[in-house]
Amino acid sequence: MQNKALVSIAIAASLGLGATAAQAATLDDVKAKGYIQCGVTGGVPGFSAPDANNNWTGLEVDFCRAVAAAVFDDADAVRYTPLTSQERFAALSAGEIDILSRTTTWTMSRDTDLGIMFAGTMYYDGQGFMVRKADGIESALDLSGAAICIESGTTTELNAADYFETNDMDYSPVVFTDQDEVVKAFEDGRCDVYTTDSSALAAERSKFGNPDDYAILPEIISKEPLGPSVRQGDEQWFYINRWTYYALLEAEELGVTSANVDEMLGSDNPAIKRLLGVEGDFGTPIGLTPDWAYRIIKHVGNYGESYAKHVGPETDIGLERGLNALWTNGGLQYSMPIR
């Protein structure tokens, strides 16, 4: 797909159209079909999971809904493709999906070798371990010799190897290609420990018949910045996704919500005027309407609203904001200025 984009750029240049015309391919394709194809997990509660009627919800689902709102003024103009960890990058590169928003860690090799670009970090996470309370394990340093359930093709697999080697401990990896298989194997007692991103551990534990029978150990052994990505070679589509992410954060910083966004159209705050398209036009340069961010907030809300709804302390997942709080509240979430 990247090569196709480069060929398009070359053709456009020969016709005197320039790079901008050539690189509008994804937005044009999305508009032509009338929806965004979003790559998601098979089902991680709070992040991307379907209900009994196949309606998808979650923090990562909301990102795709936000892009759809910006493009179509309709957050429901999205279709979802469940993907395993091994399938996800090939699906994006092949053009089977327009956005990959699937608990995917932003790493250097993925950013530079796979022909993809990360738009931002929707959730700052870290890898942890879950055990049965009955086993009496209180620390990851007590796991020497344990059988550990792991999903293949993930940073989880690599981080576990690093952690046990660094601490001179042995372990027996029990590897599966699908996360549902990993969880079932752990529940069935085929391994002593389940390891993945700590947010996913909390999400999966919430689905167990007796969640209180399981404990997530205190150690976090890695950095796992989880974020959406798009194909390289289409700067316009990348900018739409990147600034959708920033708009969600900027709205929370400025106190603009889905409930008050119409009222905020009359605000005297210059930053709010720019965000909502009342003053200046920041949408047209990336192929959107001037009110692109207003559409996002009206239909989806801001980042804090999405977080609270899907994974926050009042949900079954029960995740505190922590590193995912705004920078003004001691966290890492920080919007670039819209101006």
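Residues numbered from 1 in each chain as written. Predicted model: local features only at pLDDT ≥ 70, side-chain atom pairs only at ≥ 80, totals over all residues. Heavy atoms only, no water.

Caption draft 1: A look at the packing of aromatic side chains. The tally for this structure, following the rule as stated, stands at 17 aromatic pairs. Taking 5.3 Å as the distance between ring centres and 10° as the angle between the ring planes, the aromatic pair formed by Trp106 and Phe118 counts as stacked. Taken together, the positions of Trp106 in the loop between strand 5 (99-100) and helix 6 (108-113) and Phe118 in strand 6 (residues 116-118) put the pair 12 residues apart, joining distant regions of the chain. Residue Phe118 is classed as buried on the basis of its relative accessible area, which comes to 3%. Pairing Trp243 with Tyr246 gives two aromatic rings, centres 4.8 Å apart and planes at 65°, and the pair type is edge-to-face. Here Trp243 pairs with Tyr246, and both are found in helix 10 (residues 235-254), just three residues apart, close to one helical turn. (Phe/Tyr/Trp six-rings, centres within 6.5 Å; stacked < 30°, edge-to-face > 60°. Helix = DSSP H or I, 4+ residues; strand = E, 2+ residues; numbered from the N terminus. Buried < 20%, exposed > 50% of the residue type's maximum accessible area, 1.4 Å probe, protein only.)

Caption draft 2: Structural detail: the nonpolar core. Membership of the largest hydrophobic core comes to 59 residues, with the highest contact counts inside it found for Trp237 and Leu275. Among the elements that line this core, the one with the most residues is helix 4 (residues 59-72), at 10 residues. Each residue touching Leu275, except ones within four places of it in the same chain, is listed here: Ala247, Glu250, Ala251, Leu254, Val256, Ala293, Tyr294, Ile297 and Ile338. Residues Phe129, Val131, Ile148 and Phe164 belong to the second largest nonpolar core, which totals 15 residues. (Core = buried A, V, L, I, M, F, W, Y, C linked by side-chain atoms within 4.5 Å. Contact = heavy atoms within 4.5 Å.)

Caption draft 3: Seen up close, the pairing of strand 8 (residues 127-132). Counting buried positions along strand 8 yields six of six residues, so the element is predominantly enclosed. Residues Gln127, Phe129 and Val131 point to one face of strand 8 and Gly128, Met130 and Arg132 to the other, with burial holding for every one of them. Alignment of strand 8 against strand 11 (residues 193-197), held across five bridges, turns out to be antiparallel. Residue pairing across strands places Gln127 opposite Asp197, the latter belonging to strand 11. (Pairing = 2+ DSSP bridges.)

Caption draft 4: The state of the cysteines, seen in detail. In total, this model carries two disulfides according to the counting rule given. A disulfide bridge connects Cys38 with Cys64, and the sulfur atoms are separated by 2.1 Å. Every disulfide takes its handedness from the sign of the S-S torsion; for Cys38 and Cys64 that torsion is 65°, giving right-handed. A residue pair is termed long-range when its members are at least 10 positions apart, and Cys38 in strand 1 (residues 36-40) and Cys64 in helix 4 qualify at 26 residues. For Cys38, a relative accessible area of 0% puts it in the buried group. The residue that forms a disulfide with Cys149 is Cys191, at a sulfur-sulfur distance of 1.9 Å. Of note, the bridge from Cys149 to Cys191 carries an S-S torsion of about -105° and is left-handed in sense. Here Cys191 lies in the loop between helix 8 (179-187) and strand 11 and Cys149 lies in strand 9 (residues 146-151), a separation of 42 residues in the sequence. Residues Cys149 and Cys191 agree in their burial class; the two are buried. Should the bonded cysteines of the protein be numbered as they appear in the sequence, the pairing reads 1-2, 3-4. (Disulfide = S-S within 2.5 Å.)

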